[in-house]
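Descriptive analysis of the structure
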Amino acid sequence: MREASDKSAFRRMLKERLAFLRSDSVAWERSEFALSANLKTFLEGLLGGKNSPFILGVFAPLGDEPQWPQAFGGLDGKWWVEHACGQAFPRHASDGSMGFHRASLSELEVDRTLGPAIKVPPAGAPLVVPQAILVPALGLGPEGERMGRGKGFYDRYLGSYRGL
């Protein structure tokens, strides 16, 4: 019981610190773009010379999350086509599971069943297993431990995931 309340308190503290960092909008935007540019460089290295399509599990960032797609020209920018990189977005099921479904940004629908409005693929979008996944986090520990928003969807999915 104490562990759950400790996690809740830690999440609150992380949200407060992130809100403080976002209060300097110029520095926050610079940091967002640097994160996006570094991610783009990493992915270009990962994709270099590949002949087969690569599917990347991504997420449409919430308003309080870093807008990681900036350096890519957005989630619908031509970078994705030029690099034969497909996108798959998470969709949560009523049983608590999560899967990644192939979709484009224009196909995403707003879903409010988990609280905040998140963009998810339509119900009929094909289920895929991405070769790599971008995972959202409120914070990370020194050993790479991830603190999410508390529902456990990514934790359960990553428990059996074997990609990057």
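Residues numbered from 1 in each chain as written. Predicted model: local features only at pLDDT ≥ 70, side-chain atom pairs only at ≥ 80, totals over all residues. Heavy atoms only, no water.

1. Considerations on the pattern of salt bridges
Summed over the entire model, instances satisfying the criterion amount to one salt bridge. Across the pair Glu82 and Lys78 runs a salt bridge, and its minimum N-O distance is 3.8 Å. For the residue pair Glu82 and Lys78, the accessibility class agrees, reading exposed in each case. (Salt bridge = Lys/Arg side-chain N within 4 Å of Asp/Glu carboxyl O. Buried < 20%, exposed > 50% of the residue type's maximum accessible area, 1.4 Å probe, protein only.)

2. A short note on the environment of Val120
Relative to the helices and strands, Val120 is located in strand S5 (residues 118-120). Ignoring anything within four residues of it in the chain, the contact list for Val120 reads Pro90, Arg91, Glu107, Leu108, Glu109 and Asp111. (Helix = DSSP H or I, 4+ residues; strand = E, 2+ residues; numbered from the N terminus. Contact = heavy atoms within 4.5 Å.)

3. Looking at the sheet that holds strand S1 (residues 54-57)
Ordered by their spatial adjacency, five strands build an open sheet running S6-S3-S2-S1-S7, and the pairing between neighbours is mixed. Edge strands, defined here as strands with exactly one partner in the open sheet, are strand S6 (127-128) and strand S7 (132-133). With four bridges connecting them, S1 and strand S2 (residues 85-92) associate as parallel partners. Residue pairing across strands places Phe54 opposite Cys85, the latter belonging to S2. (Pairing = 2+ DSSP bridges.)

4. Notes on helix H2 (residues 25-47)
Between the first and last C-alpha of H2 there are 32 Å, a value that for 23 residues agrees with the 33 Å anticipated at 1.5 Å per step. Every buried residue of H2 is accounted for by Trp28, Glu32, Ser36, Leu39, Leu43 and Leu47. (Expected span 1.5 Å × (residues − 1).)

5. A word on unusual backbone geometry
Located in the positive-phi region is Ala84, a residue other than glycine, with phi close to 50°. For Ala84, the position within the fold is in the loop between helix H3 (79-82) and S2. By relative accessible area, Ala84 is classed as partly exposed at 40%.

6. Thoughts on the packing of aromatic side chains
For the structure shown, the criterion picks out nine aromatic pairs. Judged by centre distance (6.3 Å) and plane angle (80°), the ring pair of Trp68 and Trp80 falls under edge-to-face. Placement of Trp68 in the loop between S1 and H3 and of Trp80 in helix H3 is noted, with a sequence separation of 12 residues between them. A single burial state applies to Trp68 and to Trp80, both of which are buried. Each member of the aromatic cluster is reached from another via a ring pair, and the members are Phe59, Trp68, Phe72, Trp79 and Trp80. Sitting above the plane of the Phe153 ring, Arg156 keeps its charged end 5.2 Å from the centroid. (Phe/Tyr/Trp six-rings, centres within 6.5 Å; stacked < 30°, edge-to-face > 60°. Lys NZ or Arg CZ within 6 Å of the ring centre and 35° of its normal.)

7. What to know about the nonpolar core
Ranked by internal contacts, the top residues of the largest apolar core, which has 29 residues, are Leu56, Val58, Trp68 and Trp80. Only H2, S1, H3, S2, strand S3 (98-102), S7 and helix H4 (153-158) provide two or more residues apiece to this core. Ignoring sequence-local partners within four residues, the contact set of Val58 consists of Trp68, Leu75, Trp80, Gln87, Ala88, Phe89, Pro90, Phe100 and Leu134. (Core = buried A, V, L, I, M, F, W, Y, C linked by side-chain atoms within 4.5 Å.)

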